[in-house]
Amino acid sequence: MMLLREALAPMVRRQDYSAPAYRIRAVELTFDLDAAKTIVGSRLSVERDTALPVQPLRLDGEDLNLLRVLVDGQSVSFRHENGQLVIDAPAAEAFTLEIRNTIAPEKNTQLSGLYASGSGLFTQCEAEGFRRITYFLDRPDVMTVFTVTLRADKKKYPVLLSNGNLLEQGELANGKHFAKWHDPFPKPAYLFAVVAADLVAREQRVLSRSGKEHLLQVYVKRGDLDKTEHAMNSLIASMVWDEARFGLALDLERFMIVAVPDFNMGAMENKGLNLFNTKFVLANAATATDVDFDGIESVVAHEYFHNWTGNRVTCRDWFQLSLKEGLTVFRDQEFSMDMAGSPSARGVRRIGDVRVLRERQFPEDAGPMAHPVRPDAYQAIDNFYTATVYEKGSEVVRMMHTLVGREGFAAGMKLYFARHDGQAVTCDDFAQAMADANPDSALAANLELFKRWYAQAGTPRLQARGVWDAEARTWTLTLAQHNPPSPGQADKLPQLIPVALGLLKRDGTALPLQLAGEAEAGGTERVLVMTEATQSFTFVNVDAEVVPSLLRGFSAPVVLDDGLSDADLLVLLAHDTDAFNRWEAGQRLAANRIRAALAAPVEAPVVLDDAFIAAMRALLRDASLDAAFKELVLTLPSEIYLADQIEGIDPQRLHAVRESLIDQLAAALHADWAWAFEAHQVKVGYKPDAWQTGQRALANLALAMLVRHAVATGDPLWPGKAYQRFKDASNMTDRLGALEALVNAHAELAEPALARFHAQFKGEALVLDKWFMLQARAPERDGRVFARIQQLLQHPDFTLGNPNRARALLFSLTHFNPAAFHRLDAAGYAFWADKVLALDTANPQLASRYARALDRWRNLAEPYRSAAREAIARVAAKPDLSGDTHEIIQRALAD
Ligand code: B3K
Ligand code: ZN
């Protein structure tokens, strides 16, 4: 059985890369579109690479019904081999290959290739979906000029879109019509897209700096136009930003965004025709929260930025995925920071990005799916669209930015495009361009060393200890790094770690920094470049003990052990000028208390100390700080992050301890929360900007704390206020915040509120997702949340077929609610196994993502660990598992 599966999904290895033996210079595609049966005609201009030995032409194809193959108009013999169509080498060096096949979009539940969603037809081709449309050289280093003719019923599919420019359109017989599109830019097949649907568009004409006019369109289903303004504004802002910061202008006359209700991920950067999950397009104040608005801004920007980093310069092979993804995440993070404006708002964004990295990527790096930013091998490439490739990849680019500076980085980007525009390249090419544009930088001096970030998996541990020598007036910092083993990588070499730091005196003032050997002090912040396993740095003219603020702005994706005491952390929490480290000090103080409670006997009461409470109160009341920052500091580290940091975790115990600390913060700061709630009401019209978002976030946190405490004391005031606010709210952020406060704490009022919310928004799919999600993510108490999820599975609005809905209920439990999921009776694991199997038959990509909820099963305490293993083994025993899910499950069980 094993052998059979391995044969179905053989391992693809980076070192086996070879250049394509054939190129496809141009393709003319015709689609006779129909949900049941679409006929695809393809006319390929093929050239053989005469520098390579003559070999058969092997075309990728999957789930296709082949009708005809002609070479230069003549029929030829062909065969099927390993899922490919093989044609023995035609004599000519250049020839025309004609293929005709049919596909069945309405049966395509994988949502890869051409599929039906709502009443429309849409494509998703990255990474290997084009081969599910027609036979092709479906690899990113084959770049082709596409001309596409679409024919379809005009009533059903009035809008017909593909990449590039519209050449012509018109009527056909039998109520049909056609549209012909041409994309002048050669592109890999993964960037191809088609849309046939009944849609309407918000349109805007804009000028780029050079004076060129562009047409921007956001297509949505009828009735959704009032939810497209933010997406359009985000698109325009992205265009302006990319020209201003990197000199990169839009290269197309027309740029289209289309919202699709059933979508496996967030969005897709097809050339000139971005397809989006509706979740990342549709928003107005009544239906979307501040978090949704924010997500739209960054996803619109991300896909738009791909037009240069991904489309103009693409990946040579899929191992290089981070070339476009890490870089484009970095670009969208920088964009969002620049949009946020003030230094404090930038800090808030950085904290948010690091939270995502540490909650998703760190566990990945510590588990069975650990892989380098540039992986070495895969079975299913879709499994490698990971937090490591995206988020850690972005951190790698950010470290380059730190090493060469803002201007140097812009110069590196310029050189990268000068060298590689129109090419399919590797991560090495990018790093080389950065280094070559900055020959005097630490990056250029240590390029090979730096590139270990691409090659070594795992999160390095950085130990830091400072010693003050009163007599010599020096302070010496000794750094030591160690990267623990990960699957397939036992011994690791030292990595280049940029350590941004400042030194604080105990009164909180910053010390001017002067390293031994320097003539004078220069500034109060530095970046030390660590290149060895251990290394020391000596600062001179240090007259007192200092508190180091290390790894400012989270200057490297490592786990820091700086040995600071609680007293030191309190200094940083009160005074650090680096927003990230100030927040981090608070998180560590909280984590220290949680760790101590976990180490104490179960029956010992968990008591939060006055020093911590006083520090939190001072921060909450500090008039000089932004509300958004306060909300982050006053939120305890998540169970997911903590579980990753602690060996042999008991999720129930962790949950109980953390909840008890929140109860105490709610009680001890009661008057402060009441003040915070009243003082952070937004009294002007709704705008999802940084300031308003912060006000609402803090007010919602305060309300949650007040309701929680009221339930403990039996006071009806705040629950009543929350219900009122839920009913009267003028925007979704406030409404959902109040609903969440009730659902999380107040069993009685939660029911009428949930019923009312459902009735009010039953026609809004994205809002219903929130309704499911809120219930599935509520803090578990006595198994009530788990029981509720079981009930919701039977709800008429629930379906496994829509990825957003499946994520709202299933992923909320298994990926985001550890205490509801990890049950002593193992019912959560049984639930997980059932759903992995149910999802896998219809949508393997979604199933394999879902399956990853148990990646870290080895880090669980007993009896969770054995029970989880049993559930994984049950899934593994299923004989016809998809290649995607099979890879995840095998890795989870591998020793
Ligand atoms: N490039 C796409 C992701 C495609 C995922 C394929 N399984 C979206 C993005 O990163 O922008
Ligand atoms: Zn991307």
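Computed from a prediction, not measured in an experiment: that's the story for all the values here.

Draft legend 1. Seen up close, the site of ligand 1. Surveying the vicinity of ligand 1 reveals 15 residues, the closest of which are Glu 126, Ala 267, Glu 269, Glu 303 and Tyr 390. The separation between a nitrogen atom of ligand 1 and a polar side-chain atom of Glu 269 is 2.8 Å. One nitrogen or oxygen atom from the side chain of Asp 382 is found 3.0 Å from a nitrogen atom belonging to ligand 1. Look at ligand 1: alone it shows 340 Å² of surface, and the protein chains cover 94% of it. Going through the elements one at a time, strand 20 (267-268), helix 3 (290-306) and helix 4 (321-340) are the ones with two or more residues in the shell around ligand 1.

Draft legend 2. Quick look at the coordination of the zinc ion (ligand 2). Distances from the zinc ion (ligand 2) to its protein donors, His 302 (NE2), His 306 (NE2) and Glu 325 (OE), fall within 1.9 to 2.1 Å. In primary sequence terms, the donor set of the zinc ion (ligand 2) follows H-x3-H-x18-E. Taken together, the residues span about one helical turn, with His 302 and His 306 both in helix 3 at a distance of four residues. When sorted by exposure, His 302 lands in the same class as His 306, which is buried.

Draft legend 3. Quick peek at empty space enclosed by the protein. Summed over the entire model, instances satisfying the criterion amount to three cavities of 30 Å³ or more. Of the voids in this model, the largest cavity is the one considered here, and its volume is about 80 Å³. Lining the largest cavity, in full, are Arg 355, Arg 358, Glu 359, Trp 583, Gln 587, Thr 635, Leu 636, Pro 637, Ser 638 and Tyr 641. Top element by residues in the lining of the largest cavity is helix 5 (residues 343-366). It accounts for three residues. Its residues assigned to classes, the lining of the largest cavity comprises four nonpolar, three polar and three charged. In terms of lining residues, the second largest cavity is bounded by Ser 322, Leu 323, Leu 327, Gly 393, Val 397, Phe 430 and Tyr 454.

Draft legend 4. Looking closely at the pattern of salt bridges. Across all of its chains, the model carries 68 salt bridges by this definition. Note that Asp 183 is salt-bridged to Lys 187, the shortest N-O span being 2.9 Å. Both residues of the pair, Asp 183 and Lys 187, count as buried. Arg 588 is the partner of Asp 562 in a salt bridge, and the nearest nitrogen-oxygen pair spans 2.6 Å. In this pair, Asp 562 sits in the loop between strand 31 (559-561) and helix 11 (566-575) while Arg 588 sits in helix 12 (residues 579-599), placing the two residues 26 residues apart along the sequence. We classify Asp 562 as buried; its relative accessible area is 7%.

Draft legend 5. Main features of the UniProt feature "domain: Aminopeptidase N-like N-terminal" (unreviewed entry) in the protein. Under the UniProt annotation, "domain: Aminopeptidase N-like N-terminal" (unreviewed entry) lies at residues 29-191. Span residues 29-191 is 0% helix and 55% strand, its end C-alpha atoms 14 Å apart.

Draft legend 6. Highlighting the side chain of Ser 549. Along the chain, Ser 549 turns up in strand 30 (residues 546-550). Note on Ser 549: relative accessible area 0%, which makes it buried. Separated by 2.6 Å, the side chains of Ser 549 and Asp 576 make a polar contact.

Draft legend 7. Local environment of the pairing of strand 16 (residues 194-197). By the alternation rule, side chains of strand 16 split into Val 194 and Ala 196 and Val 195 and Ala 197, which are all buried. With two bridges joining them, strand 11 (residues 120-124) and strand 16 adopt antiparallel strand pairing. The residue bridging Leu 121 from the neighbouring strand is Ala 196, located in strand 16. With four bridges joining them, strand 13 (residues 159-162) and strand 16 adopt antiparallel strand pairing. Paired with Leu 160 across the bridge in strand 16 is Ala 196.

Draft legend 8. Region of interest: the UniProt feature "domain: Peptidase M1 alanyl aminopeptidase C-terminal" (unreviewed entry) in the protein. Residues given the UniProt feature "domain: Peptidase M1 alanyl aminopeptidase C-terminal" (unreviewed entry) here are residues 566-894. In the segment residues 566-894, helix accounts for 72% and strand for 0%; the C-alpha atoms at its two ends are 40 Å apart.

Draft legend 9. Highlighting unusual backbone geometry. Look at the link from Glu 126 to Ala 127: it is a cis peptide, with omega at 0 degrees. A cis amide bond links Glu 862 with the next residue in sequence, Pro 863, at an omega value of 5 degrees. Within the secondary structure, Pro 863 is located in the loop between helix 27 (844-851) and helix 28 (864-876). The residue Leu 111 is not glycine, and still its phi comes out positive at about 60 degrees. In this structure, Leu 111 sits in the loop between strand 9 (94-103) and strand 10 (113-117). By relative accessible area, which is 6% here, Leu 111 ends up buried.

Draft legend 10. Quick look at the sheet that holds strand 27 (residues 497-505). Reading across from one edge, 28-27-30 is the order of the three strands in this open sheet, with antiparallel pairing throughout. Of all the strands in the sheet, the pair left with one neighbour each is strand 28 (526-530) and strand 30. Direction aside, the axes of adjacent strands within the sheet are offset by 35 degrees on average. Pairing between strand 27 and strand 30: five bridges, direction antiparallel. The residue of strand 30 that forms the bridge with Gly 502 is Ser 549.

Rules used in this analysis
Residues numbered from 1 in each chain as written. Chains lettered and ligands numbered in written order. Predicted model: local features only at pLDDT ≥ 70, side-chain atom pairs only at ≥ 80, totals over all residues. Heavy atoms only, no water. Near = heavy atom within 4 Å. Polar contact = N/O pair within 3.5 Å; in protein donor to acceptor, adjacent residues only side chain to side chain. Areas by Shrake-Rupley, 256 points an atom, 1.4 Å probe, with all protein chains shown as cover. Helix = DSSP H or I, 4+ residues; strand = E, 2+ residues; numbered from the N terminus. Donors = N, O, S within 2.8 Å, 3.2 Å for Na, K, Ca; no water. Buried < 20%, exposed > 50% of the residue type's maximum accessible area, 1.4 Å probe, protein only. 1 Å grid on protein atoms, 1.4 Å probe; cavity = no way out; pocket = protein on both sides within 12 Å on 5 of 7 lines; lining within 4 Å. Points joined across faces, edges and corners; volume = space filled by probe spheres on them. Nonpolar A, V, L, I, M, F, W, Y, C, P; charged D, E, K, R; others polar. Salt bridge = Lys/Arg side-chain N within 4 Å of Asp/Glu carboxyl O. UniProt positions renumbered as here; feature names shortened; annotations may be inferred. Pairing = 2+ DSSP bridges. Axes fitted to C-alpha atoms, helices over the stretch in contact; angles between N-to-C directions.

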